[in-house]
Amino acid sequence: MPDPKSASTAYKPVMSRHWWLQHRYFQLYMLREATVLPLLFFIICLLYGLFSLSQGEVQWQSWLTFMATPWVVLLNLLAFSASLYHAKTFFELFPRVMPLAPAALMIVAQWLATFIVAAGLILLLGGWL
Amino acid sequence: MNKTISISRYNPEQDSQPQLQTYQVVSEHSTSVLDALLQVQQQDPSLSLRWSCRMAICGSCGVMINGIPKLGCKTFVRDYPEQLVISPLAHFAVEKDLIVDMSPFLQHLSAVKPYLINAEKSLQPHKQTPAQLAKYQQFANCINCGLCYSACPQFGLNPEFIGPAAITLAQRYNLDSRDQGKAVRMPQLNSKNGVWACTFVGFCSEVCPKKVDPAAAVNQGKVASASDFIISMFTP
Ligand code: FES
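Computed from a prediction, not measured in an experiment: that's the story for all the values here.

The rules behind the values
Residues numbered from 1 in each chain as written. Chains lettered and ligands numbered in written order. Predicted model: local features only at pLDDT ≥ 70, side-chain atom pairs only at ≥ 80, totals over all residues. Heavy atoms only, no water. Helix = DSSP H or I, 4+ residues; strand = E, 2+ residues; numbered from the N terminus. Buried < 20%, exposed > 50% of the residue type's maximum accessible area, 1.4 Å probe, protein only. Areas by Shrake-Rupley, 256 points an atom, 1.4 Å probe, with all protein chains shown as cover. Lys, Arg positive; Asp, Glu negative; His and termini not counted. Charge placed at Lys NZ, Arg CZ, Asp CG, Glu CD. Phe/Tyr/Trp six-rings, centres within 6.5 Å; stacked < 30°, edge-to-face > 60°. Lys NZ or Arg CZ within 6 Å of the ring centre and 35° of its normal. pLDDT = per-residue confidence, 0-100. Salt bridge = Lys/Arg side-chain N within 4 Å of Asp/Glu carboxyl O. Core = buried A, V, L, I, M, F, W, Y, C linked by side-chain atoms within 4.5 Å. Contact = heavy atoms within 4.5 Å. Polar contact = N/O pair within 3.5 Å; in protein donor to acceptor, adjacent residues only side chain to side chain. Domains from an automatic or database assignment. Buried area = accessible area lost by both parts, 1.4 Å probe.

For chain B, the count of helices and strands is nine helices and seven strands. Taken over the C-alpha atoms alone, chain B extends approximately 65 × 35 × 30 Å along its principal axes. The buried share of chain B, taken over its 236 residues, is 49%. Total accessible area computed for chain B in this model is approximately 11500 Å², and 55% of it derives from carbon and sulfur atoms. Between the averaged position of the 20 positive side-chain charges in chain B and that of its 17 negative side-chain charges there is a distance of 9 Å.

Structure follows, in structure tokens:
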């Protein structure tokens, strides 16, 4: 509660709806929040793929063709870079919230772990297919 | 060197809203923004501003400099070769010129009970190891300047959000080995205006003149709040 003595005469600023355009820091924050949009698209693609798999060969083939369409590839590339950007912001935050080791070391360790897990999954899936 | 600066002026008895006014100041290599403001005050004694220590320790000279919250005494005019616009701290009601009403901020600070709570009545000093001190020391460097509140869009949108400095201070005492008050502070942090109102914009830590990293404290508070919730599920 503001000081009642001043409440009547003080000027109360209103926040503009474009506050996040004010400077670069807020723009980058909004960019980080917006990474969810292309990722949402990617998840829908995946779910659609699973559904197609359950519907038999014809549907599965049509999903494969759909996934190879240029605009779908483009959106998924966007989703990939968005997830990398989000990971970068997350990996930088994590050592500050859980200071287990020097921050620089933890950031490198997180990227390494990501690449190892990703490479492992690709190898595993490649072998399976 | 002569330098033109713009200052936001607001006289509650005449104006309906603040207006920018330009002034000429003499700026040398070591002229701080606070020095420049005091020069203007010599020309125009009606200019109102807050300051005291001139050495980034009292926390009273916070203003927006080109839209970024900063301490006037810790910012040099020489770093702004282009324009230099000084306005009152954002998200607070403006009393006059560069003076804002900090009472919402102070109320949030006191709401988290920022002092040692310890039922032990012993007269012995509470000993603390360097490792125990290190746990909270960074968070104890806050000078209550309020810059982090002006940097926080969530506080701007919802003044009930207890905000970066208050949560940092709560965390500072919760992490102190001499303190037993965590249980009475957690309800504040768990509430909808507590840690969960933060979306980790992170600008509070960028503007903090003391490198306290309030964003880290708030997010540590989220971890504490989540574990508090899980523990409460398993205890009758
Ligand atoms: S005058 Fe004390 S912090 Fe600037």
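Another aspect to go through is the packing of aromatic side chains. Considering all chains together, one arrives at 16 aromatic pairs over all chains under this definition. Pairing Trp19(A) with Phe26(A) gives two aromatic rings, centres 5.2 Å apart and planes at 80°, and the pair type is edge-to-face. Neither Trp19(A) nor Phe26(A) differs from the other in exposure class; each is buried. Centroid distance Phe90(A) to Phe91(A): 6.3 Å. Interplanar angle 70°. Geometry classified as edge-to-face. For Phe90(A), a relative accessible area of 40% translates into the label partly exposed. Overall, Phe91(A) belongs to the buried group, its relative accessible area being 11%. Cluster of aromatic residues (ring-pair linked, three or more members): Trp19(A), Tyr25(A), Phe26(A), Tyr29(A) and Phe203(B). Sitting above the plane of the Phe76(B) ring, Arg78(B) keeps its charged end 4.0 Å from the centroid. The ring of Tyr173(B) is capped by Arg172(B), whose NZ or CZ atom sits 3.9 Å from the centre of that ring.

This next bit is on the confidence of the model for chain A. Looking at chain A, the pLDDT average stands at 90 and 95% of residues meet or exceed 70. When pLDDT is averaged over each helix and strand of chain A, the minimum, 56, is found for helix H1 (residues 4-7) of chain A and the maximum, 95, for helix H3 (residues 36-54) of chain A.

Take the pattern of salt bridges next. Pairs can form between side chains of opposite charge whenever their charged atoms are close. Under the defined criterion, the tally for this structure stands at eleven salt bridges over all chains. Between Arg32(A) and Glu33(A) there is a salt bridge, with its nearest N and O atoms 2.9 Å apart. Take Arg32(A): its relative accessible area is 10%, and that puts it in the buried class. Among the ionic pairs, Asp44(B) bridges to Arg9(B), the shortest N-O distance being 3.0 Å. Linking Asp44(B) in the loop between helix H1 (33-43) and strand S3 (62-65) with Arg9(B) in strand S1 (residues 2-9), this pair joins segments that are 35 residues apart in sequence. The burial state of Asp44(B) is the same as that of Arg9(B); both residues are buried.

It is worth spelling out the nonpolar core at this point. Ranked by internal contacts, the top residues of the largest apolar core, which has 67 residues, are Ile5(B), Ile7(B), Leu37(B), Ile86(B), Phe92(B) and Tyr149(B). Ignoring anything within four residues of it in the chain, the contact list for Leu37(B) reads Ile7(B), Leu47(B), Leu49(B), Ile86(B) and Leu98(B).

Residue and element names in this part refer to chain B. Looking at where Asn 174 falls in the secondary structure, it is placed in helix H6 (residues 163-174). According to the relative accessible area criterion, Asn 174 is buried, its value standing at 13%. Polar side-chain contacts of Asn 174 include one of 2.8 Å to the side chain of Arg 185.

A separate point is the domain arrangement of chain B. All names here are of chain B. As far as domains go, chain B holds domain 1 (2-100) and domain 2 (103-234). A straight line from the C-alpha centre of domain 1 to that of domain 2 covers 30 Å. Counting from both sides, the interface comprises 15 residues of domain 1 and, opposite them, 17 residues of domain 2. It is Pro 69, His 91 and Phe 92 in domain 1 that bury the most area against domain 2; as a group they hold 47% of the surface buried on that side. The interface formed by domain 1 and domain 2 contains zero salt bridges. For the pair domain 1 and domain 2, the interface holds five residue pairs in polar contact (both at pLDDT 80 or more). Contributing elements (two or more residues each) for the side of domain 1 that touches domain 2: S3 and strand S4 (68-71). Among the elements that line the side of domain 1 that touches domain 2, the one with the most residues is S4, at four residues.

Attention now goes to unusual backbone geometry. All names here are of chain B. The phi torsion at Arg 54 lies on the positive side, around 60°, for a residue other than glycine. Residue position: Arg 54 is located in the loop between H1 and S3. The phi dihedral of Asn 144 is positive, around 55°, even though this residue is not glycine. Take Asn 144: it is sitting in the loop between helix H3 (130-136) and helix H4 (147-151).

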